[in-house]
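Examination of the molecular architecture
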Amino acid sequence: MLSSFERLLFIRRVSIFQELRDEFLVQLASAMDEVAFPVDHTIFEEGEEGRSLYIVVSGRVKVHLGDRELAQLEKGTFFGEMSLFDAQPRSASVTTLDKCDCLTLNQLQLQDAIEETPEIAVNITRALSRRIRELNSKINAYEAQLQAGNYSKA
Ligand code: CMP
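Here is a short report on the structure shown in this document. (Residues numbered from 1 in each chain as written. Predicted model: local features only at pLDDT ≥ 70, side-chain atom pairs only at ≥ 80, totals over all residues. Heavy atoms only, no water.)

**Brief notes about the sheet that holds strand β7 (residues 93-96)**
Spelled out, the test is: Note on pairing: DSSP must find at least two bridges between two strands before they are called paired. Helix numbering and strand numbering both begin at the N terminus, where a helix is a DSSP run of H or I of at least 4 residues and a strand a DSSP run of E of at least 2. In this analysis an axis means a line fitted to C-alpha atoms, helices contributing only their contacting stretch, and an angle means the value between N-to-C directions, from 0 to 180 degrees.
Reading across from one edge, β2-β7-β4-β5 is the order of the four strands in this open sheet, with antiparallel pairing throughout. On the outer flanks of this sheet lie β2 (42-44) and β5 (68-73), each paired with one strand and no other. In this sheet, adjacent strand axes meet at a mean angle of 30° when their direction is disregarded. Of the strand pairs in this sheet, β2 and β7 are connected by two bridges, and their pairing is antiparallel. In the strand pairing of β7, Phe44 is matched with Val94.

Right, dumping it as structure tokens:
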């Protein structure tokens, strides 16, 4: 459990909140919920309705579709933003790899934060762009492996 001061110091360093005014950051820090999960716990499953964005305070989580791991996320990163933005079900499941503490932000709190500081939306978009780049290189590597496999069979 973080003290209010530690919580404030922590969220100030989270990339998506960097431009927020101090007064708003204090308000946001106190409104966020802190949740603790044991190791190997599924925080949510693909297809569920999404109501919150999560920020990893400690530990690591994996984002996965069934047994296929898409990404591992660690301290200071966030997940669960996609459903809040497009009002679609969760695009993947998220399961803890360690004991994990997270701070959560609901849709209204996220909207308020974006209205207060539109740069947050830009920061989130930046993170989404990075994820697409990572996916593109994974797809590329995967396709190259497939092709190499096909050529060796021919
Ligand atoms: P959401 O769709 O709400 O729930 C699943 C979350 O996993 C999603 O939001 C993103 O935060 C995260 N996520 C989905 N796909 C990836 C990916 N390829 N890399 C990293 N995180 C992802």
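**Concerning the side chain of Ser83**
The criterion, for reference: A 1.4 Å probe rolled over the protein chains alone gives each residue an accessible area, and that area as a share of the maximum for its type sets the label: buried under 20%, exposed over 50%, partly exposed in between. In the analysis that follows, any N or O atom pair within 3.5 Å is treated as a polar contact, provided that within protein one partner can donate a hydrogen and the other can accept it, and provided that, for residues neighboring in sequence, both atoms belong to side chains. Only heavy atoms enter the contact rule, under which two residues are in contact if any of them lie within 4.5 Å.
Inspection of the secondary structure puts Ser83 in helix α3 (residues 81-86). Judged by relative accessible area, Ser83 falls into the buried class, the value being 5%. Reaching out from Ser83, the side chain makes a polar contact with the backbone oxygen of Pro89 at a distance of 3.4 Å. Setting aside chain neighbours within four positions, we find Ser83 in contact with Gly50, Gln88, Pro89 and Arg90.

**A word on the sheet that holds strand β8 (residues 100-106)**
What links the strands of a sheet is backbone hydrogen bonding, and the strands pair in either a parallel or an antiparallel sense. Read from one edge to the other, the open sheet built from four strands follows the order β1-β8-β3-β6, with strand pairing classed as antiparallel. Here the strands that pair on one side only, and so sit at the sheet edges, are β1 (33-37) and β6 (78-79). As paired elements, strand β3 (residues 52-58) and β8 share six bridges and run antiparallel to each other. The residue of β8 that forms the bridge with Leu53 is Leu105. Taken strand by strand, helix α4 (residues 107-116) contacts β3 and β8, and its axis lies near 70° from that of β8.

**Remarks on the pairing of β7**
Burial along β7 is two-sided: Ser93 and Thr95 facing one way and Val94 and Thr96 facing the other are all buried. For strand β4 (residues 61-65) and β7, the ladder comprises four bridges, and the chain directions are antiparallel. If you follow His64 over to β7, its bridge partner there is Ser93.

**Thoughts on the pattern of salt bridges**
Once their charged atoms are close, side chains differing in charge can pair, the charge on each being opposite to the other. What counts is decided by this rule: Salt bridge, as used here, is a side-chain nitrogen of Lys or Arg placed within 4 Å of a carboxyl oxygen of Asp or Glu.
Evaluated as defined, the whole model comprises seven salt bridges. Measuring nitrogen to oxygen at the nearest pair gives 3.0 Å for the salt bridge that ties Asp22 to Arg12. Here Asp22, found in helix α2 (residues 22-31), pairs with Arg12, found in helix α1 (residues 4-13); they are ten residues apart in sequence, far enough to count as distant. Among the residues examined, Asp22 registers a relative accessible area of 41% and is labelled partly exposed. A salt bridge links Glu81 to Arg131; the shortest N-O distance between them is 3.0 Å. With Glu81 in helix α3 and Arg131 in helix α5 (residues 119-153), this pair connects stretches of sequence that are 50 residues apart. With a relative accessible area of 26%, Arg131 lands in the partly exposed category. Each of Arg21, Glu23 and Glu116 takes part in salt bridges that share partners, so that together they form one network.

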